[in-house]
Amino acid sequence: MIGLISATAAGAAARDRLAAAWPDRTRVYEGPVGDAVQAAFAECEQLVCFLATGAVVRLIAPLLGDKRTDPGVVTVDEGGRFAVSLVGGHGGGANELAVDVGELLGAQPVVTTATDAVGVPGLDTLGFPVEGDVAGVTRALLDGEPVALDAELAWPLPPLKVSSHGAYAIRVTDRAVGPGEREVVLRPPSLVVGVGASKGAPVNEVLALVYDALRAAELSVGNIAELATVDAKADEPGIVQAAQRLSVPLVTYSAEELAAVEVPNPSDAPLAAVGTPSVAEAAALLGGGELLVPKRKSERADGQPAMATCAVVRRVARGRLAVVGLGPGARDLLTPRAKAELRRAAVLVGLDQYVDQIRDLLRPGTVVLESGLGAEEERARTAVAEARKGQAVALIGSGDAGVYAMASPALAEASDDIDVVGVPGVTAALAASAILGAPLGHDHVSISLSDLHTPWEVIERRVRAAAEADIVVTFYNPRSRGRDWQLPKALGILAGHREPTTPVGVVRNASRPDESSRLTTLAALDPATVDMMTVVTVGNTATRDIAGRMVTPRGYRWQASQAAQSSQEVAK
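Attention here is on the structure that accompanies the text. Model, not experiment: these values are computed from the prediction.

1. Details of the overall build of the protein chain
Part 1 of the argument: Across its full length, the protein chain holds 19 helices and 28 strands.
Part 2 of the argument: In terms of overall dimensions, the protein chain has C-alpha extents of about 100 × 65 × 55 Å along its principal axes.
Part 3 of the argument: Among the 572 residues that make up the protein chain, the fraction classed as buried is 45%.
Part 4 of the argument: Counted over contacts in the protein chain with a minimum sequence separation of 6, partners at least 24 positions apart contribute 64%.

Take a look at the structure:
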């Protein structure tokens, strides 16, 4: 919950805007400011104070305890110009909150945390436990000192400026080892603990078994990703409470799914009880991985039969491939999600000219693999290969990566051994449409006139179908030096079904500094004025030039009413 505190009318107005936008996330604190801050500090995970920074510093100073548990605090000035991350930038999420508040209120977020300021990932913000000299290793990263990466586990980390050796070190492991001097230990969620239990098994017995199993294998509880069991035990109190105490999710599978998993230690007891010869081992192994601790039973001090079983599996880290659409070129049309993926990626793959557009957004240490025009398949293969190494990879393309771009060849190359995330972008057709007016207001289609990958016979058949169906058409790749006849041919096909006065919009370099656009007609368009950087949108029989804007209405009823009105005027 986010506590909102204000002292003036202007502050209350901004406060109420946040409260209205985030009704389920916020709580307004009224009354004397000092009392409100104290109450919110004790009750909320975050605070937004519409007060002077100095005033908030004095109010919260006596309340501060530990940066790992204190709420994040953001202050917004009286004029609503700045959203300042004051305390709890990482642990309390104040840095991200300042950005969110700034976007909502139109304020400039102010973040002074060193790692955020220079683009170095905070080691305590990676989403899994971290131990050791976090401050010292982070300072070394900031100062450019050599920091060694000791990756006992391959894991898709964000870009870190590391080397093979150094006075400081980052160790990625799931072994039960403590950090050395000048060392940070990162514990990714690599371990899955499968659990089986008799009805009424005490939570302490389940937990003791899990701890004993990990201790015997010299593994750390901090690396547990989840507890896994059979559906029939989804509500078993001992298992549910064990997951809660370990702060990990409880994942359940059907008996049929578990019975299909080959395990080293099947048993008749679970088969009779829940319908599968294995619960602990099968549940741990179902997602794949290496069985580190075979099934073992709990031990009871009272000599009674064991009521719990567990097994531990190390899952192989899955690489991550984000296929990112950069939009048509303008920086403000690059989505926040795309920016986040660019900063998350340790490896970036893309066309050299697209890399140049976003190079300044990359974190230090990002490996950039760029190539020139005509190497789409090679880039797709490279991106997938890097992801298969366990890397976090971003493969970029212009517009939307799924529209005449990199998503198709990449996904054709990828299999289910990596995670793939699609990040949509603003297409050239949409950017051009917004410039022209509203030409895509009804059914529309995009057709590429390049016959590099598609035979012209297929392209022509698609153009004829769009012409006969009276669909608005946007032509990509309309004309180049080596292909100068396809656009006139396509326009001729459309002309056989549409009036010469049909509006046609021509936009070159949509959203870029040298953008140009014009509205013409099907008869007047000169194909020689079009090149590969141009998008050509041809209207349907309902499209009109209205006040210099290209508009396709959402329906055709308006035409009937216009025709009726014209008939009445003629009759007069």
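2. Digging into the sheet that holds strand β2 (residues 26–28)
Part 1 of the argument: Taken together, six strands build an open sheet; the order of strands is β2-β1-β3-β4-β5-β6 and the sheet is mixed. A strand with exactly one partner marks an edge of an open sheet, and here the two such strands are β2 and β6 (108–110). Adjacent strand axes in the sheet meet at a mean angle of 25°, parallel and antiparallel pairs treated alike.
Part 2 of the argument: Sheet topology places strand β1 (residues 2–6) next to strand β3 (residues 46–50); five bridges connect them, and they run parallel. Across the sheet, the residue bridging to isoleucine 2 is glutamine 46, located in β3.
Part 3 of the argument: On the sheet, helix α2 (residues 33–43) packs against β1, β2, β3 and β4 (72–76) and is oriented at approximately 175° with respect to β1.
Part 4 of the argument: Set on the sheet, helix α3 (residues 53–60) makes contact with β3, β4 and β5 (82–87); between it and β5 the angle comes to about 25°.

3. Describing the pairing of strand β22 (residues 444–448)
Part 1 of the argument: Relative to strand β23 (residues 472–476), β22 is paired through five bridges, and the arrangement is parallel. Counted as the bridge partner of histidine 444 is valine 472 from β23.
Part 2 of the argument: Regarding topology, helix α17 (residues 456–468) serves as the crossover connection from β22 to the parallel β23, and that connection is right-handed.

4. Some points on the nonpolar core
Part 1 of the argument: In terms of nonpolar packing, the biggest core is built from 25 residues, with Val193, Leu214, Ile224, Leu227, Leu246 and Val312 touching the most fellow members.
Part 2 of the argument: The set of elements that each furnish at least two residues to this core consists of β11 (191–197), α7 (203–216), β12 (224–230), α8 (237–246) and β15 (308–314).
Part 3 of the argument: If one sorts the elements of this core by residue count, α7 sits on top with seven residues.
Part 4 of the argument: With sequence-adjacent residues up to four places away left out, leucine 246 is seen in contact with Leu207, Val210, Tyr211, Val221, Ile224 and Leu227.
Part 5 of the argument: Membership of the second largest hydrophobic core comes to 21 residues, among which are Ala466, Ala467, Ala490 and Val506.

5. Details of the environment of lysine 295
Part 1 of the argument: Structurally, lysine 295 is set in strand β14 (residues 290–297).
Part 2 of the argument: Taking relative accessible area as the criterion, lysine 295 reaches 28% and is therefore assigned partly exposed.
Part 3 of the argument: Apart from residues no more than four positions distant in its own chain, lysine 295 is found in contact with Asn265, Ser267, Glu281, Thr309, Cys310 and Ala311.
Part 4 of the argument: A polar contact of 3.5 Å, which involves the side chain of lysine 295, links it to the backbone oxygen of asparagine 265.

6. A short note on the state of the cysteines
Part 1 of the argument: Per the counting criterion, the structure on display carries zero disulfides.
Part 2 of the argument: For the unlinked cysteine cysteine 49, the closest cysteine sulfur is that of cysteine 44, found at 10 Å.

7. Quick word on unusual backbone geometry
Part 1 of the argument: One non-glycine residue with positive phi stands out, namely aspartate 470, at about 60°.
Part 2 of the argument: With respect to the helices and strands, aspartate 470 occurs in the loop between α17 and β23.
Part 3 of the argument: A positive phi angle, close to 45°, is found at asparagine 477, a residue other than glycine.
Part 4 of the argument: Turning to its location among the elements, asparagine 477 is positioned in the loop between β23 and α18 (486–495).
Part 5 of the argument: We classify asparagine 477 as partly exposed; its relative accessible area is 22%.

8. Points about the sheet that holds strand β10 (residues 183–186)
Strand pairing in a sheet is mediated by backbone hydrogen bonds. Such pairs are either parallel or antiparallel.
Part 1 of the argument: An order of β7-β10-β9-β8 is seen for the four strands of this open sheet, with the pairing classed as mixed. Each having just a single partner strand, β7 (130–132) and β8 (147–151) make up the two edges of the open sheet. Adjacent strand axes in the sheet meet at a mean angle of 20°, parallel and antiparallel pairs treated alike.
Part 2 of the argument: Taken together, the five bridges between β8 and strand β9 (residues 168–172) define a ladder with parallel strand orientation. By the bridge assignment, leucine 149 is partnered in β9 with isoleucine 170.

Here is what the cut-offs are and how they apply
- Residues numbered from 1 in each chain as written.
- Predicted model: local features only at pLDDT ≥ 70, side-chain atom pairs only at ≥ 80, totals over all residues.
- Heavy atoms only, no water.
- Helix = DSSP H or I, 4+ residues; strand = E, 2+ residues; numbered from the N terminus.
- Buried < 20%, exposed > 50% of the residue type's maximum accessible area, 1.4 Å probe, protein only.
- Contact = heavy atoms within 4.5 Å.
- Pairing = 2+ DSSP bridges.
- Axes fitted to C-alpha atoms, helices over the stretch in contact; angles between N-to-C directions.
- Right-handed = clockwise from strand over helix to strand, strands pointing away.
- Core = buried A, V, L, I, M, F, W, Y, C linked by side-chain atoms within 4.5 Å.
- Polar contact = N/O pair within 3.5 Å; in protein donor to acceptor, adjacent residues only side chain to side chain.
- Disulfide = S-S within 2.5 Å.

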